[in-house]
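Chain by chain, the residues run as shown.
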Amino acid sequence: MTDAPDLTASMRMPSRLPPRNDTPMVPKNSISGRALVAVVAIMTFLASLTTGAVMLVRATASEWQSDVAREVTIQVRPAPGRDLDAATAKAVQIAGAFPGITGVRAYTKEESARLLEPWLGTGLTLDELPVPRLIVIKFGENAPDLGLLRKILSEQVPGASLDDHRGWIDRMRTMAATVVAAGVGILLLMFAATMLSVTFATRGAMAANRTVIEVLHFVGAKDSFISGHFQRHFLMLGLKGGAIGGGSAMALFAIAGLFSDWFAGSAGVDQVSALFGSFSIGPAGYIAVASQIVLIAAVTAWTSRQTVNRTLQTIG
Amino acid sequence: MVRFENVGLRYGLGPEVLRDLTFRIEPHSFQFLTGPSGAGKTSLLRLLFLSIKPTRGLITQFGHDVATLSKDARATLRRRIGIVFQDFRLLDHMTTYENVALPFRVMGRHEDSYRDEVVELLNWVGLGERMWALPPVLSGGEKQRAAIARAVIARPQLLLADEPTGNVDPSLAQRLLRLFIELNKSGTSVVIATHDIALMDQYDAHRLVLHEGRLHIYD
């Protein structure tokens, strides 16, 4: 029977290398440290997803709103003895000549019939029904003087009225504001949950380091020296976890943006794009996520400093 | 070097655990601090180590009234005091060499200025071949010697030891006592808190006996 090898034998042998004093004061790679990185990574990921989602919803809502706001409709109502085609042509001519208007398109009879198909069925002959004709007018960011256009139309085109979709826009504005407010509320809750989780995980990781704090205190280290070492260590842990979580969220948004570009044109993606826009959170979104990473790392570092100070107060 | 005058200590609203302590620790002196469990030995060591402040009375250390010192000033003064704990309190993630060099590191000294000194002391306490080892693989005696080396590396003027022989066999206890005597001869005042009467009988020194919070001195 042979003796078991002495695994510590190599440690008993004097090394030829001079001793080095380069081990960090705060233990690296501790289990509690790794758990803290995991908690920070997960919470940063979730907070970043929430931030990105809220930004997407906000951008999409304002896009819907501006799309609708850049479009008005002229309605030319039929009446006995009224030449609807001539009235429509006249309205198109007035609108086309009006300053600030970028596009005018009158719906043909067939197109108007198609608009009514869902309610009245196919094969409809509009001549038999008093269906008004629609003219869609588009303009840029600076809206033309719609009041003046309305006045001219009412004076020069009998039966013409201008609908500026105000009712729709008001409803859209209310809906968008509600969605964004709900999103911001969720984001605040998510952020509070993140801060609490990170704070408690940091305190947990710090509990394992009480001996280090005590020993440094007993060998004459000043409080600022001890708290400075812990703050730096936990700032790095926070940044590491934040970079993993926030980086994953950024990658996810980037991939989603690429996918929506690649598959643009397919029915599903177009439907989703119509609802949620381009899926790109843009530079502002990436800056917001990066700021979150820094903020969460700062909270981790600050909590560790507070915990060190509290521990030092209990020691002496 | 250390002067206590009518010092009393209580924790919170509890009873006084130390009462009317008046004594001095002279330079180059050697004393045992003893008494039954709960008599207040650890509390007295904590007062001597500037870890807590007294509830009443005056403590003067190295010419300073400790009640008037700031936290940083107390930390600086603490560097003139070495302390050895019964449970060693070595940092498990650092090698024996790094543990012993820790006081120099917190002073901000460059490693080149103290490396030889640390190696020499480790050789002196018989840990020359264990300086790369981490504390978890050291024996109890080796840990105790490493803890003592850390306490004395910065040549403190006062060395406090809390039950330094509590975890070691009698022969090692004797060797450790010889180590403390050598340190005392080289100029360090030594206070050893112990229950070990056999240990105290081996060396003729002052005895500070705590009983029910009061101190009795036997020269």
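Residues numbered from 1 in each chain as written. Chains lettered and ligands numbered in written order. Predicted model: local features only at pLDDT ≥ 70, side-chain atom pairs only at ≥ 80, totals over all residues.

What follows is about the overall build of chain A. The helix and strand inventory of chain A stands at 10 helices and 4 strands. What you see in chain A, going N to C, is helices and strands ordered as α-α-β-α-β-α-β-α-β-α-α-α-α-α. Buried positions account for 28% of the 316 residues belonging to chain A. (Helix = DSSP H or I, 4+ residues; strand = E, 2+ residues; numbered from the N terminus. Buried ≥ 20, exposed ≤ 12 C-beta atoms within 10 Å, placed from the backbone.)

Moving on: the overall build of chain B. Per the secondary structure count, chain B includes 7 helices and 10 strands. Computed over C-alpha atoms, the radius of gyration of chain B comes to 17 Å, within 12% of the 17 Å expected from 2.2 N^0.38 for 219 residues, which places it in the range of a compact globule. Considering only C-alpha atoms, chain B reaches an extent of 45 × 40 × 30 Å along its principal axes. Evaluated residue by residue, chain B yields a buried proportion of 43% over its 219 residues. (Rg over C-alpha atoms; globule rule 2.2 N^0.38 Å.)

Residues and elements named next belong to chain A. With antiparallel pairing, the 4 strands of this open sheet are ordered in space as S2-S3-S1-S4. A strand with exactly one partner marks an edge of an open sheet, and here the two such strands are strand S2 (101–106) and strand S4 (160–163). For this sheet, the mean angle separating the axes of adjacent strands, direction not counted, is 20 degrees. Docked against the sheet, helix H5 (residues 146–156) engages strand S1 (71–76) and S4, running at close to 165 degrees with respect to S4. (Pairing = 2+ DSSP bridges. Axes fitted to C-alpha atoms, helices over the stretch in contact; angles between N-to-C directions. Contact = placed C-beta atoms within 7 Å.)

This part covers the nonpolar core. Core analysis: the biggest nonpolar cluster contains 104 residues, and Leu-216 of chain A together with Val-100, Leu-122, Ala-149 and Leu-160 of chain B have the highest contact counts within it. The dominant element in this core, judged by the number of residues it contributes, is helix H2 (residues 31–69) of chain A, at 11 residues. Not counting residues up to four positions away in its chain, the partners in contact with Val-100 of chain B are Val-118, Leu-121, Leu-122, Ala-146, Ala-149, Arg-150 and Ile-153 of chain B. In terms of nonpolar packing, the next biggest core, distinct from the first, is built from 15 residues, Ala-91, Ala-95, Ile-137 and Leu-149 of chain A among them. (Core = buried A, V, L, I, M, F, W, Y, C linked by C-beta atoms within 7 Å.)

Turning next to the confidence of the model for chain A. Residues and elements named next belong to chain A. Averaged over every residue, the pLDDT of chain A is 81; residues scoring 70 or more account for 86%. The weakest mean pLDDT in chain A belongs to helix H1 (residues 9–12) at 41; the strongest belongs to helix H7 (residues 210–218) at 91. A low-confidence stretch, residues 1–16 stays under pLDDT 50, and its non-local contacts, those more than four residues away or across chains, total 9 contacts. (pLDDT = per-residue confidence, 0-100.)

On the side of chain B, 29 residues touch chain A, which itself brings 24 residues to the contact. In terms of residues, the side of chain A that touches chain B owes the most to one element, H7 of chain A, which gives 6 residues. Looking at the side of chain A that touches chain B residue by residue, the class counts come to 13 nonpolar, 7 polar and 4 charged. (Nonpolar A, V, L, I, M, F, W, Y, C, P; charged D, E, K, R; others polar.)

Quick look at the sheet that holds strand S5 (residues 64–65) of chain B now. Residues and elements named next belong to chain B. The 4 strands lie next to each other as S2-S1-S4-S5, forming an open sheet whose pairing is antiparallel. Each edge of the sheet is formed by a strand with only one pairing partner; in this case those strands are strand S2 (16–25) and S5. With 5 bridges joining them, strand S1 (residues 2–10) and strand S4 (residues 56–61) adopt antiparallel strand pairing. Following the sheet pairing, Val-2 is matched in S4 by Gln-61.

So, about unusual backbone geometry. Residue and element names in this part refer to chain B. The phi dihedral of Phe-88 is positive, around 65 degrees, even though this residue is not glycine. Relative to the helices and strands, Phe-88 resides in the loop between strand S6 (81–84) and helix H3 (96–107). Looking at Phe-88, the number of C-beta atoms within 10 Å reads 21, which means it is buried. In this structure, Arg-89 takes a positive phi of about 55 degrees despite not being glycine. With respect to the element layout, Arg-89 can be found in the loop between S6 and H3.

All names here are of chain B. Most of strand S7 (residues 158–162) sits out of view: 5 of its 5 residues are buried. Burial of S7 is two-sided: the residues Leu-158, Leu-160 and Asp-162 facing one way and the residues Leu-159 and Ala-161 facing the other way are all buried. The pairing of S6 with S7 spans 4 bridges and is parallel. For Ile-83, the partnering residue across the bridge sits in S7 and is Leu-160. Handedness of the β-α-β unit built from S7, helix H6 (residues 170–185) and strand S8 (residues 189–193) comes out right-handed. (Right-handed = clockwise from strand over helix to strand, strands pointing away.)

Taken domain by domain, chain A consists of domain 1 (28–65 + 171–315) and domain 2 (78–158). Spacing between the C-alpha centres of domain 1 of chain A and domain 2 of chain A amounts to 52 Å. (Domains from an automatic or database assignment.)

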